[in-house]
There are 2 protein chains.
Amino acid sequence: MAKTSTKKSSAHKAGAAGPSERTAGGLDPQFLRRVVVENIYPEIDCGRFPIKRTTGETVLVSADVHTDGHDVIGASLLYRRQGEPQWSEVAMEPAGNDRYTGAFTVHALGRYEYTVEGWIDRFTTWRLEMSKKFGAGQDVTSELLEGAQLVHRALQAGGTGADDRDVSRHAPLSPRVEQLAQWAATLGDPALSPERRVVIALESDLQHAMAARADRRRRTRYDRVLEVIVEPERARFGAWYEMFPRSAGTDATRSATFTEAAARLSYVAGMGFDVLYLPPIHPIGRSFRKGPNNTLDAGPHDPGSPWAIGGEAGGHKAVEPGLGTLEDFDRFVDAARHHGLEIALDLAYQASPDHPYVSEHPEWFRRRPDGTIKYAENPPKKYQDIYPINFESEAWQALWHELKSVIEFWIGHGVRIFRVDNPHTKPYRFWQWALAEITREHPDAIFLAEAFTRPKVMKYLAKSGFSQSYTYFTWRNTSAELTAYFTELTQTEVREYMRPNLFANTPDILHEYLQRGGRAAFQVRLILAATLGASYGIYSGYELGENVPVKAGSEEYLDSEKYQIRLRDFDDPTSLAELVARVNTIRREHPALQRDWGLRFHPTDNSNLLSYSKRSEDGADVLLMVVNLDPATMQHGFVKLPLSDWGIGPERTIEVRDLLSEERYFWRGEWNYVRLDPQARAAHILSVQLPAVLGAEPAEPVPA
Amino acid sequence: MAKTSTKKSSAHKAGAAGPSERTAGGLDPQFLRRVVVENIYPEIDCGRFPIKRTTGETVLVSADVHTDGHDVIGASLLYRRQGEPQWSEVAMEPAGNDRYTGAFTVHALGRYEYTVEGWIDRFTTWRLEMSKKFGAGQDVTSELLEGAQLVHRALQAGGTGADDRDVSRHAPLSPRVEQLAQWAATLGDPALSPERRVVIALESDLQHAMAARADRRRRTRYDRVLEVIVEPERARFGAWYEMFPRSAGTDATRSATFTEAAARLSYVAGMGFDVLYLPPIHPIGRSFRKGPNNTLDAGPHDPGSPWAIGGEAGGHKAVEPGLGTLEDFDRFVDAARHHGLEIALDLAYQASPDHPYVSEHPEWFRRRPDGTIKYAENPPKKYQDIYPINFESEAWQALWHELKSVIEFWIGHGVRIFRVDNPHTKPYRFWQWALAEITREHPDAIFLAEAFTRPKVMKYLAKSGFSQSYTYFTWRNTSAELTAYFTELTQTEVREYMRPNLFANTPDILHEYLQRGGRAAFQVRLILAATLGASYGIYSGYELGENVPVKAGSEEYLDSEKYQIRLRDFDDPTSLAELVARVNTIRREHPALQRDWGLRFHPTDNSNLLSYSKRSEDGADVLLMVVNLDPATMQHGFVKLPLSDWGIGPERTIEVRDLLSEERYFWRGEWNYVRLDPQARAAHILSVQLPAVLGAEPAEPVPA
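Quantities reported herein were computed from a predicted structural model and do not represent experimental measurements.

Colleague: Before we move on, can you summarise the overall build of chain A with the specific residues and values?
Modeller: Looking only at helices and strands, chain A features 16 helices and 31 strands. With the C-alpha coordinates aligned to their principal axes, the bounding extent of chain A is approximately 105 × 70 × 45 Å. Split into buried and exposed, the 704 residues of chain A put 59% on the buried side. Contacts in chain A between residues far apart in sequence, at least 24 positions, make up 75% of those at least 6 positions apart. For chain A, the exposed surface amounts to about 27,000 Å²; the carbon and sulfur share of it is 51%. Of note, chain A has its 82 positive side-chain charges centred 4 Å away from the centre of its 95 negative side-chain charges.

Colleague: How would you sum up the relation of the copies chain A and chain B? Please name residues and give values.
Modeller: Overlaying chain A with chain B gives an RMSD of 0.0 Å, the required rotation being 180° about an axis along which the chain moves by 0.0 Å. One copy is carried onto the other by what is essentially a two-fold rotation axis. Of the C-alpha atoms belonging to chain A, the one lying closest to the rotation axis is found on C46(A), 3.0 Å away.

Colleague: Tell me what's going on with unusual backbone geometry, and back it up with residues and numbers.
Modeller: Omega for the peptide link from Y41(B) to P42(B) comes to 0°, which places this bond in the cis form. Residue position: P42(B) is located in the loop between β1 (36-41) and β2 (51-54). A cis amide bond links P379(B) to the next residue, P380(B), at an omega of 5°. Phi is positive for N39(A), close to 60°, though the residue is something other than glycine.

Colleague: Which residues make up the pattern of salt bridges, and what are the values?
Modeller: One pass over the full model with this rule turns up 104 salt bridges over all chains. A salt bridge links R219(B) to E117(B); the shortest N-O distance between them is 3.0 Å. You can see R219(B) sitting in the loop between α5 (204-212) and β10 (220-221) and its partner E117(B) sitting in strand β8 (residues 110-120), a full 102 residues away along the chain. Each member of the pair, R219(B) together with E117(B), is buried. When salt bridges with common partners are traced through the structure, they connect R34(A), D68(A), D71(A), R122(A), R218(A), R366(B) and E392(B) into a single cluster.

Colleague: Explain the sheet that holds strand β24 (residues 599-602) of chain A to me, using residue names and the numbers behind them.
Modeller: All names here are of chain A. Taken in spatial order, the 6 strands line up as β24-β25-β26-β31-β28-β29 in an open sheet, and their pairing is antiparallel. Of all the strands in the sheet, the pair left with one neighbour each is β24 and β29 (664-668). Sheet twist, expressed as the mean angle between neighbouring strand axes with direction ignored, is 30°. Direction of pairing for β24 relative to strand β25 (residues 609-615): antiparallel, over a ladder of 4 bridges. Looking at the pairing, F601 lines up with Y612 of β25.

Colleague: Explain the side chain of R99(A) to me, using residue names and the numbers behind them.
Modeller: Residues and elements named next belong to chain A. Looking at the secondary structure, you find R99 in strand β7 (residues 99-105). The exposure class assigned to R99 is buried, which follows from its relative accessible area of 3%. Side chain to side chain, R99 and S62 meet in a polar contact 2.9 Å long.

Colleague: Describe the domain arrangement of chain A, naming the residues involved and giving the relevant values.
Modeller: Interface extent is often summarised as the accessible area lost during association of the parts. With domains assigned, chain A is organised as domain 1 (122-213), domain 2 (238-594) and domain 3 (600-689). Between domain 1 of chain A and domain 3 of chain A, the C-alpha centre-to-centre distance is 55 Å.

Colleague: So, the interface of chain A and chain B: which residues are in play, and what are the values?
Modeller: The partner chain B presents 74 residues to the 74 residues of chain A that form the contact. Carbon and sulfur atoms supply 52% of the area buried between chain A and chain B, which totals about 6,800 Å² over both sides. Where chain A meets chain B, there are 16 salt bridges. In this structure, R218(B) engages E392(A) in a salt bridge whose closest nitrogen and oxygen atoms are separated by 3.8 Å. For the pair chain A and chain B, the number of links is 26 residue pairs in polar contact (both at pLDDT 80 or more).

Colleague: So what about the packing of aromatic side chains? Which residues, and what values?
Modeller: Across all of its chains, the model carries 86 aromatic pairs over all chains by this definition. Their ring planes at 25° and their centres at 5.7 Å tell us that Y349(B) and W431(B) sit as a pair that is stacked. A residue pair is termed long-range when its members are at least 10 positions apart, and Y349(B) in the loop between β14 (342-347) and β15 (350-351) and W431(B) in helix α11 (residues 428-441) qualify at 82 residues. Residue Y349(B) shares its accessibility class with W431(B), and that shared class is buried. For the pair F391(B) and F430(B), a centre-to-centre distance of 5.2 Å together with 65° between the ring planes defines the contact as edge-to-face. On the criterion of sequence distance, the pair formed by F391(B) in the loop between β18 (387-388) and α10 (396-412) and F430(B) in helix α11 is long-range, its members being 39 residues apart. With respect to class, F391(B) is no different from F430(B); both count as buried. Among the aromatic residues, those joined into a ring-pair cluster are F31(A), Y349(B), F391(B), W396(B), W400(B), F430(B), W431(B), W433(B) and F466(B).

Colleague: Could you give an account of the sheet that holds β1(B), naming the residues involved and the relevant values?
Modeller: All names here are of chain B. Spatial ordering of the open sheet is given by β1-β3-β7-β6, a layout of 4 strands whose pairing is antiparallel. The sheet is open, and its two borders are formed by β1 and β6 (93-96), each paired with just one other strand. Taken pair by pair, the neighbouring strands of this sheet meet at an average axis angle of 35°, ignoring direction. Bridging between β1 and strand β3 (residues 58-66) involves 4 bridges; their strand directions are antiparallel. Residue pairing for β3: V36 is matched across the bridge by H66.

Colleague: Talk me through the confidence of the model for chain A; I want residue IDs and the actual numbers.
Modeller: This prediction gives chain A a mean pLDDT of 92; 92% of its residues lie at or above 70. Predicted confidence is poor over residues 159-163 of chain A, with pLDDT under 50, and the contacts of this stretch with residues over four places away or in other chains come to 21 contacts.

Colleague: So what's going on with the state of the cysteines? Which residues, and what values?
Modeller: A full pass over the atoms with the stated rule returns 1 disulfide over all chains. Bridging C46(A) to C46(B), the disulfide has an S-S length of 2.1 Å. Sign of the S-S torsion, about -95° for the bond between C46(A) and C46(B), identifies this disulfide as left-handed. Here C46(A) is found in the loop between β1 (36-41) and β2 (51-54), whereas its partner C46(B) is found in the loop between β1 and β2 on a different chain. Under the relative-accessibility criterion, C46(B) is labelled buried at 16%.

Colleague: Give a detailed account of the pairing of β14(B), specifying residues and quantitative values.
Modeller: Residue and element names in this part refer to chain B. The buried fraction of β14 is high, at 5 of 6 residues. When strand β13 (residues 275-278) meets β14, the two strands line up parallel, connected through 4 bridges. From the neighbouring strand, V275 faces β14, where its bridge partner is E342. Two strands pair when backbone bridges link them, and β14 and strand β19 (residues 417-421) are joined in this way by 4 bridges, in the parallel orientation. Bridge assignment links D346 to a residue of β19, and that residue is R419.

Colleague: Describe in detail helix α2 (residues 141-156) of chain A, supporting the description with residues and values.
Modeller: Residues and elements named next belong to chain A. Taking 1.5 Å per residue, 16 residues should reach 22 Å; α2 reaches 23 Å between its end C-alpha atoms and fits that length. Turning to α2, its buried residues number three or more, namely S142, E143, L144, E146, G147, A148, L150, V151, A154 and L155. Residues of α2 that are buried make contact with α1 (122-135), α3 (177-187), α4 (194-201) and α5 (204-212).

Colleague: Give a description of helix α13 (residues 479-491) of chain A that names residues and reports values.
Modeller: All names here are of chain A. Between its terminal C-alpha atoms α13 stretches 17 Å, which fits the 18 Å expected from 13 residues at 1.5 Å a residue. Residues S479, L482, Y485, F486, L489 and T490 constitute the buried set of α13. All buried residues of α13 lie within an arc of 145° about the axis, which places them on one face of the element. Looking at the packing, one finds that the buried side of α13 touches β22 (501-503), α14 (512-532), β24 and β25.

Colleague: Break down the packing of helix α3 (residues 177-187) of chain B against α5(B) for me, citing the residues and quoting the values.
Modeller: Axis angle and axis distance: for two packed helices, these are the angle between their axes and the distance between the axes, and together they describe the pair. Residues and elements named next belong to chain B. Interhelical geometry of α3 versus α5 gives an angle of 120° and a closest axis separation of 11 Å. One element, α3, and the other, α5, form an angle in the oblique class. The hand of the α3/α5 crossing is left-handed. Contacts from L180, W183 and L187 of α3 reach α5 at D205, L206, A209 and M210. Here the contact of α3 with α5 is composed, by residue class, of 6 nonpolar, no polar and 1 charged.

How each quantity is defined
Residues numbered from 1 in each chain as written. Chains lettered and ligands numbered in written order. Predicted model: local features only at pLDDT ≥ 70, side-chain atom pairs only at ≥ 80, totals over all residues. Heavy atoms only, no water. Helix = DSSP H or I, 4+ residues; strand = E, 2+ residues; numbered from the N terminus. Buried < 20%, exposed > 50% of the residue type's maximum accessible area, 1.4 Å probe, protein only. Contact = heavy atoms within 4.5 Å. Areas by Shrake-Rupley, 256 points an atom, 1.4 Å probe, with all protein chains shown as cover. Lys, Arg positive; Asp, Glu negative; His and termini not counted. Charge placed at Lys NZ, Arg CZ, Asp CG, Glu CD. Least-squares fit on C-alpha atoms with pLDDT ≥ 70 in both. Salt bridge = Lys/Arg side-chain N within 4 Å of Asp/Glu carboxyl O. Pairing = 2+ DSSP bridges. Axes fitted to C-alpha atoms, helices over the stretch in contact; angles between N-to-C directions. Polar contact = N/O pair within 3.5 Å; in protein donor to acceptor, adjacent residues only side chain to side chain. Domains from an automatic or database assignment. Buried area = accessible area lost by both parts, 1.4 Å probe. Phe/Tyr/Trp six-rings, centres within 6.5 Å; stacked < 30°, edge-to-face > 60°. pLDDT = per-residue confidence, 0-100. Disulfide = S-S within 2.5 Å. Expected span 1.5 Å × (residues − 1). Arc of directions from axis to C-beta. Parallel < 35°, antiparallel > 145°, perpendicular 65-115°, else oblique. Left-handed = near helix turned anticlockwise from the far one by under 90°. Nonpolar A, V, L, I, M, F, W, Y, C, P; charged D, E, K, R; others polar.

And the structure:
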């Protein structure tokens, strides 16, 4: 009888017993399960939230498994796709200090489950004790008889050795019954010498046979089933380019069309980007439309903010007429696909005063006592071109269903990636429900959270289902800041559920470093983003070094594209497009850059020089980055290489090849000299030739 | 209608909904609860195990509480004695970064429960936003009308503002309805100036009134109820003395009686001990009785090991005839009480071959194939005088009940403290069940685990219900070892469920440091034990400096009292009894030494000098210890004082008084000189006179 995976041990709380399980003695038979399984890693908030992986990745699981006394235990990692009736299992190996580890690979999109079970391995216990006694010269006649009994009992257990058949074994084929009977007889045969019988008792075939038939009726299974949500590779790895399609034309007084914007696709694809992210493409409201530089009065040609969604032509399921029709959009998506680009749309749950929701569903908005709708505010700031939606409306259920249908609508038009605007101003529960529902139907959908907010809120959104998250990257500029932040992101538990997407700039964020640092600053931040992050992005204009703020001390762009058309000359000879293309090529050729894990920082003796390496999961691909964070001045110094991690002796010459310049260097020993002049190069991206004998990267740190 | 405390939010798992709660829209109303409560500290293994306190202690609770958007939240800590229908509550204060803290005191023995809830505080949110706008010179007429509406709504909510009445409020008395109506009217009164109305809106009386009536119908309560088990003070604080009563006489060929042993009570009490711990007092088996120094053949006068329990005269509920009768024992317990001593008995669940269990319940033991009972082994070692009990026996239920009844039997004879022998060789579940059952009846019972085993097993036993635990203290001798170990024990989560009892020696453990170090070594280890640990102990003979092992490299005593009577001359002039008495007096006079928390280590410039301080919970009592860990040689150097923790400026003179020598020193600045010559003194125990202005000790570190 297969047990369901979610059956909780009713007796788990100390002293409690399930009502139907008490026997005459009054004690719960669950108490006979002596093995403890605790402290599973990874586990997010006691199993409340799943961890995240992408197809083909590994889940390395560890747990504390122990029992009273000296008995030897066995531990298995159980896993399956959610909905499968049977568990698959893999034996867990001891890692010391009662910790056991095992791993499984997730191949399919969607959800997987995993848990751990432990049991007393009586045969191995017997084997160990018997051989200790024999080794000490003691008489083991009685022990051999016990061993024979154990083998005999395994025979009788019917070939399964477990009480529930919800585990399909990957153990070797059960030995033939005759073979086990033979072993039982041999062990107990007084005519054979003890030495002879001990040798037979220690045969590995017998050990495997007994392992296959281990009596697991009293096994302890961890009291929770943990989940993995498996997303597409693109959720982990990709280069993103943000572009306003309305600026893709030649006339600053009108929006370009999708057809015109399609002409820009080869440019974007040529730079090696994977995802083309478009700010909202919906009709833009007219009431209170913002003018250039966020002024309150828009002229007749001012296009307004794409985030002021909704007008005569429709709302979130419509296309801004200036861009074209829905069919034009469909063709644009197709064209992008032909260029190897996936389209990401901007999901902004808010409405301009002209949005159809306002007239059709006034109950979806908050009102003042005088009956007027409350526009967006962050007191004392006002955003009169935008009405926030009231997720707590009396009619919230219809509202939530409608908002979810917006996502489904665009999925129906071929979009799988959504960059979500300010998700931290909408209820967590909405996202948890909507994203779970959507991804059950469309496990290939990807959601990027743009939540520049407090750390715990940001993390909670990630836990709640967002595939990727913007981060504090733009505000991490010094060596110390970058090291601390990216160590946290890639070497602590947060990495199990939050994937960073490192945008070097956005329409809202032009960091001072870029304002002041000139062209070299743009090179530095591009290389940092593209090598620290498996997912990164730039907002168009970055490659042209656009760096003028609306005023000193502001992170807003002058003449921000949010409020006006921006025509650009992408053929400007000073463009960084070639560097971008080179970097994106390096990323595609090097698995080390295609994941966030495997990042390590290395000491330098110059705080302007940041050094870090990335390593692929199989350990074979290693890149070392050295970045001069000073955009103005040449910096040089020494970098310390992690020779022992790389399995390289201090006397050995290491060849490193700069993938940006094609130069080769021959290094030796721990500390090696680098010199980076911003005039010539902002950074090294070095491919390290490791000795052929190296195996996989050392296992990721897990809690002991 | 009072809700039960253990009702789990059925909709807690993302996307799930309780079957009876879906409405026509299909979405769970639980989704409207926007506040998140997560990451409560302290919490052991997701609430599986309770934390531990003693009567009168404080539980400081912290949690992450946050929501979407800008709304202000309120957070409460709920607590109650288990079984009480209503929660008490205390408001939690923000500690930064979305963390909130609150505290409650546990007064009664037994179990308490606690949890956290958070809600949107709409009035405070309104108040904050309104005052920002007003401060920015904006028109707040509409806002004031909204405020009036909020107050009006609070009026109508019926004076409770919450959907469930399972919380009894400690908020100030609800204001009279008329007063609230007055406020509502005032805020909405257009005849009054906005300025006037704003002032009224910001009145603190109104704020308190609205807090008392906060609408908590959509509050989020943490999805678990956490437990505290409250034990007697003695579980936290006490000096223990281990003594074999059979050695209290004058004849080495026979056991002394309890009556004779009672004559030793004034000696033990005179040294200031609180607990007198006796090895097993039950009949000792004759079969395979061990002789002196653990030899296999006992002579007619050899008393055998008290841990080989059971003989003709009975088993675990009987008294070894050599010691007397049960009535003699009762009198001994009484006599001890008159001396201010509590008796601790040794609970050793095992049997000699002569124990009545063996003949009456052969099914409670493991057998070999030839039918003989398996004696204790740790292959290749054998312990033929002891049969381990088979807790997995077919008749396990009757067995477990019988074993529990042993504890109840001795409780019936006035014993409340049990030192449990090798609990790690008995199933965890047995302890969880037995200790929970016993302490529900007898919440003043104390259990000390003697589990010298692997760290995770040791910790799991502590979680499972043991009030105190032996530790690795005897094997932590250097400054680095002591610092690391005691930092772990007192400043990490383990302190919430494991209380160390620092025995400086036991009948099984005579550490090499004591073997080699001479008298000074005994002084050092005594002072370390008695000042690092709120609970500590010595085994008799320690004060006499008994330091001879059975052979080089062994931690066993020569002529161990485990296997023979040991007559001692406690009047030996070299005895450390006076030092022990002095130290125990200092412990009784200084609250700083009566708890394990409040321990901090301080740098010294000489690794032979270990320096640490202890501070009482209210911060008033501060002791600084400096110990010369080198028992042979004078050591001197400088100790760094934590001046900022103590609120003392670097120029200020600090008076410290050595409680051992009564000398006073006047120190100034961070680094101060100490000199400790083992010939004269092993350590300083300094009382630090803090400036009168100091308040309570800085809050214990909590996770941010």
